[in-house]
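# A look at the structure
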Amino acid sequence: MDKPWVWKVTMVTIVLMGTGVGIGLQALRQQSSSPSPPLSAQSPRPLLPPAEMRYRVDRLSNSTVHVLTIPKAYWQTQAVVPAVAASVTSLDQFAQQRGAIAVINGGFFDPETGKTASYVTINGLLVADPRQNDRLMHNPDVVPYQAKILNRSELRRYRCGSQIRYAIARHQDAIPATCQLQDALGAGPRLLPAIAAEAEGFWATVQGEVVRDPLGMNRRNARTAIGLTPDESMLWVMVAQLPSQPDNSGMTLPELAQYLRSLGAVEALNLDGGSSSSLYYQGNTIYGRVDETGQPTGRWVQSVLLIKPNPY
């Protein structure tokens, strides 16, 4: 159920003019043999976000990385919140249905059933529960790791008095005494300050031999992650593979952690990757995975993070 077209951002120009800031998005090029679809009611361009949010593309030797930086000041008018679909759906549909400026893929799910493998909380209510995923809970290969899987890391959105705070915590960690949990999106593992793959059931060895590695931790792939900086900015990072290197491009989890550190992140969380890695921005979806011919490819997802007008 992949989208029939994908978009690639080849240049973003930011122009400072007098008292305002204009953002020009140039050279959007469709990667498909079919004609470019018009920007219509099916793919509207949202209003440009406030100038504080910054978008950039890093072209590295083994990947192309799309980075959205969301400063704390931005949260006064906009909110980073999770969303869940009744069944898997595309990022642009998430955006259109919820009036979002930007969307990034979120937690883990079963591609065959569309059922979640990650917790999601919205407005204080648990709306996605991996314990209701029978294929997860009754898989004999997973049972030994269930306690760790059900306590993986999540991005949390707190209301603490009149302030909004974001934090990365394990699902069973206590909520700060002066705060209320508004929203949370589970994924994992935590990448910074250290990779918690073993503690969260993503990695296991027996006598030095790897016996569990569902994310291919040391294999390059398309990846998605979020980071938090000391000044409370949030980073969205989507790592795309190179069309010229479909079998060995992207990032390993250690490389992703190091890249986030280089951007100034002190906390970071890995999100679903591979074919799920995708970013919607300025009315266009960019996919991270490429197929054996080097063409961008992706799949619809069950949960996302999105940026929309602050509901509070």
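Residues numbered from 1 in each chain as written. Predicted model: local features only at pLDDT ≥ 70, side-chain atom pairs only at ≥ 80, totals over all residues. Heavy atoms only, no water.

The number of helices and strands found in the protein is four helices and 22 strands. By sequence separation, contacts in the protein at least 24 residues apart represent 66% of the contacts at least 6 residues apart. Of the roughly 14,100 Å² of accessible surface on the protein, 51% is carried by carbon and sulfur atoms. (Helix = DSSP H or I, 4+ residues; strand = E, 2+ residues; numbered from the N terminus. Contact = heavy atoms within 4.5 Å. Areas by Shrake-Rupley, 256 points an atom, 1.4 Å probe, with all protein chains shown as cover.)

Okay, the sheet that holds strand 6 (residues 102–105) next. One open sheet holds the five strands; their spatial order is 5-22-6-18-19, and the pairing between them is antiparallel. Looking at strand neighbours, the two that pair on one side only are strand 5 (78–89) and strand 19 (284–287), the edges of this open sheet. For this sheet the average axis-to-axis angle between neighbouring strands, irrespective of direction, equals 20°. By the bridge criterion, eight bridges tie strand 5 to strand 22 (residues 301–309) in an arrangement that is antiparallel. Across the sheet, Val 81 pairs through a bridge with Leu 306, a residue of strand 22. (Pairing = 2+ DSSP bridges. Axes fitted to C-alpha atoms, helices over the stretch in contact; angles between N-to-C directions.)

Attention now moves to the state of the cysteines. Covalently bonding the sulfur atom of one cysteine to the sulfur atom of another cysteine gives a disulfide. Counted according to the given criterion, the structure contains one disulfide. Here Cys 160 is linked by a disulfide to Cys 179, with a sulfur-sulfur distance of 2.0 Å. Across the S-S bond linking Cys 160 and Cys 179, the dihedral sits near 105°, which makes this disulfide right-handed. Highlighted residues: Cys 160 in strand 9 (residues 153–160) and Cys 179 in the loop between strand 10 (163–170) and strand 11 (180–186), separated in sequence by 19 residues. Comparing Cys 160 with Cys 179 shows no difference in burial state: the two are buried. (Disulfide = S-S within 2.5 Å. Buried < 20%, exposed > 50% of the residue type's maximum accessible area, 1.4 Å probe, protein only.)

The amide bond that connects Gly 188 to the next residue, Pro 189, takes the cis arrangement and shows omega of 0°. Position of Pro 189 relative to the elements: it lies in the loop between strand 11 and strand 12 (190–192). Residues Leu 192 and Pro 193 are joined by a peptide bond in cis, for which omega reads 10°. With respect to the element layout, Pro 193 can be found in the loop between strand 12 and strand 13 (204–206). Phi angles above zero are rare outside glycine, and Gln 207 is one such case at about 50°. Residue placement: Gln 207 occurs in the loop between strand 13 and strand 14 (209–212). One non-glycine residue, Glu 232, adopts positive backbone phi at about 70°. When you line up the elements, Glu 232 lands in the loop between strand 15 (223–228) and strand 16 (234–240). Overall, Glu 232 belongs to the partly exposed group, its relative accessible area being 31%.

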